[in-house]
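Examining the three-dimensional arrangement
One letter stands for each residue in the lines below.
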Amino acid sequence: MPAPAPPSGLLQRLWESPQRLSDSIRASALWLAALDGPPDLRELHEVGLALTHEPEGVPLQEIAEAFAADPLPPDLPRLFRFLRSQRSPRRTEFLLDLYLRVAAADGTLSEIERHALVFLSDLLGASPALLRERFEAVLGLEFEPPADLSDPAWFERAEAAAAAREARARRLARDAALAAAAEAARREALLTLGLAPGATPIAIKAAWRRLSRQYHPDRQPQADAAARASAAARFDAVQKAWKQLQESGDA
């Protein structure tokens, strides 16, 4: 018979904590939060609100960081066995409500979180009807059971959804890059006219007219060749800046 896995640092601290039950409850909620990515501040906030009357034996942030690094430590079943041994009808409803609030705190309810909610509900001895009732009472939504992961069609839909998300992310990145380039060109045009980013259309037009007169080739008859070339380049830059600001709607 293989030897049991040595306890992880987090789980060992939970067993030794003077607040073993409350810390274990917090840990189970943060485990749920970590299944689809590191727990964010909203999820941490929900867990922190759950047992405000019970001090933290193991700091909440340390539990979150441990599960973010490894959401499935080898001795995790020990945590769940302990919680199952502490279940009671009153505590079961309290824990279901906590798990539901934490799962939905980041604004999404992933498929893995749905499966985990069913698992935790079974662990606490809650009936499917109670889970459905608390789901609808806490979240105001109709409970949809998690997908059957043995169905190939589910994976096809999941892959299609992932591809759509990636395409949307690429579009957003492209649009952001174009917007950044346009803003950089706008600022450069304003700088060419000697103006600040918040310049008004009236100020832009006045600067364009003034600089166009100043650097117009017809106004450089007495200048040497180098000065005329410099003025011509400056005149062209002013006209280019004016055109850029007209196209961006600033002028």
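Residues numbered from 1 in each chain as written. Predicted model: local features only at pLDDT ≥ 70, side-chain atom pairs only at ≥ 80, totals over all residues. Heavy atoms only, no water.

1. Re the overall build of the chain
From N to C terminus, the chain includes 11 helices and zero strands. Taken from N to C terminus, the helices and strands of the chain fall in the order α-α-α-α-α-α-α-α-α-α-α. Taken against the 2.2 N^0.38 rule, which gives 18 Å for 251 residues, the C-alpha radius of gyration of the chain at 31 Å runs more than 25% over that of a compact globule. In terms of principal-axis extent, the alpha carbons of the chain reach across some 100 × 45 × 40 Å. By residue count, 33% of the 251 residues in the chain fall in the buried class. A separation threshold of at least 6 residues defines the contact pool for the chain, and within that pool the share at least 24 residues apart is 71%. (Helix = DSSP H or I, 4+ residues; strand = E, 2+ residues; numbered from the N terminus. Rg over C-alpha atoms; globule rule 2.2 N^0.38 Å. Buried < 20%, exposed > 50% of the residue type's maximum accessible area, 1.4 Å probe, protein only. Contact = heavy atoms within 4.5 Å.)

2. Observations concerning a positive patch on the surface
A contiguous patch of positive charge, built from Lys 205, Arg 209, Arg 210, Arg 213 and Arg 219, is present on the exposed surface. Mapped onto the elements of the fold, Arg 210 is located in helix α10 (residues 201-215). For Arg 210, a relative accessible area of 44% puts it in the partly exposed group. (Patch = residues over 30% accessible without salt bridge, like charges linked within 9 Å, V, L, I, M, F, W, Y side chains within 5 Å. Areas by Shrake-Rupley, 256 points an atom, 1.4 Å probe, with all protein chains shown as cover. Salt bridge = Lys/Arg side-chain N within 4 Å of Asp/Glu carboxyl O. Lys, Arg positive; Asp, Glu negative; His and termini not counted. Charge placed at Lys NZ, Arg CZ, Asp CG, Glu CD.)

3. Focus on the layout of surface pockets
Computed from the structure, the largest pocket encloses a volume of approximately 170 Å³. Taken together, the elements giving at least two residues each to the lining of the largest pocket come down to α2 (20-34) and α6 (89-104). Here the lining of the largest pocket is composed, by residue class, of four nonpolar, two polar and three charged. (1 Å grid on protein atoms, 1.4 Å probe; cavity = no way out; pocket = protein on both sides within 12 Å on 5 of 7 lines; lining within 4 Å. Points joined across faces, edges and corners; volume = space filled by probe spheres on them. Nonpolar A, V, L, I, M, F, W, Y, C, P; charged D, E, K, R; others polar.)

4. Remarks on the packing of aromatic side chains
With the rule as written, the count across this model stands at six aromatic pairs. Centre to centre, the rings of Trp 31 and Phe 80 are 4.9 Å apart; their planes meet at 70°, and the pair counts as edge-to-face. With Trp 31 in helix α2 and Phe 80 in helix α5 (residues 76-85), this residue pair connects regions lying 49 residues apart in the sequence. Residue classification places Trp 31 among the buried positions, given a relative accessible area of 6%. Ring geometry for Phe 80 against Phe 119: centres 5.1 Å apart, planes inclined by 80°, an arrangement best described as edge-to-face. Highlighted residues: Phe 80 in helix α5 and Phe 119 in helix α7 (residues 111-123), separated in sequence by 39 residues. Members of the aromatic cluster, joined through ring pairs, are Trp 31, Phe 80 and Phe 119. Directly above the ring of Phe 82 sits Arg 20, whose terminal nitrogen or CZ lies 4.1 Å from the centroid. (Phe/Tyr/Trp six-rings, centres within 6.5 Å; stacked < 30°, edge-to-face > 60°. Lys NZ or Arg CZ within 6 Å of the ring centre and 35° of its normal.)

5. What about the environment of Ala 64?
Along the polypeptide, Ala 64 turns up in helix α4 (residues 60-69). As for Ala 64 and Ile 112, which are separated by 48 residues in sequence, their C-alpha atoms are 18 Å apart. With residues up to four places along the chain from it excluded, the contact list for Ala 64 reads Leu 30, Pro 39 and Leu 44.

6. Regarding the packing of α2 against α6
Closest axis-to-axis distance for the α2/α6 pair is 9 Å, and the angle between their directions is 35°. Two packed elements cross with a definite hand, and for α2 against α6 that hand is right-handed. Packed against α2, whose contacting residues are Leu 21, Ile 25, Ser 28, Ala 29, Leu 32 and Ala 33, the element α6 presents Arg 91, Leu 95, Leu 98, Tyr 99, Val 102 and Ala 103 at the interface. Here the residues of the contact of α2 with α6 are counted per class, giving 10 nonpolar, one polar and one charged. (Axes fitted to C-alpha atoms, helices over the stretch in contact; angles between N-to-C directions. Left-handed = near helix turned anticlockwise from the far one by under 90°.)

7. Points about α2
When the terminal C-alpha atoms of α2 are compared, their 20 Å separation across 15 residues agrees well with the 21 Å that a helix rising 1.5 Å per residue should span. Counting buried positions along α2 gives 13 out of 15 residues, so the element sits mostly inside the fold. (Expected span 1.5 Å × (residues − 1).)

8. Examining the nonpolar core
Ranked by size, the top nonpolar core spans 42 residues in total, and within it Leu 14, Trp 31, Leu 32, Phe 67, Leu 79 and Tyr 99 carry the most contacts. Where this core is concerned, the elements lending two or more residues are α1 (9-16), α2, α3 (41-50), α4, α5, α6, α7 and α8 (128-139). When residues in this core are grouped by element, the largest group, eight residues, is from α2. For Leu 32, the contacting residues outside a window of four places in its chain are Tyr 99, Ala 103, Glu 113, Ala 116, Leu 117 and Leu 120. With 12 residues, the next largest nonpolar core counts Ala 189, Leu 190, Ala 199 and Val 238 among its residues. (Core = buried A, V, L, I, M, F, W, Y, C linked by side-chain atoms within 4.5 Å.)

9. Some points on the pattern of salt bridges
Using the criterion set out here, one finds 11 salt bridges in the structure. A salt bridge links Glu 183 to Arg 187, with the nearest nitrogen and oxygen atoms 2.9 Å apart. Of the two residues, Glu 183 and Arg 187 are both situated in helix α9 (residues 152-192); the distance of four residues between them amounts to about one turn of the helix. On the basis of relative accessibility, which here comes to 32%, the residue Glu 183 falls in the partly exposed class. One network of salt bridges, in which partners are shared, links Glu 93, Asp 97, Glu 133 and Arg 134.

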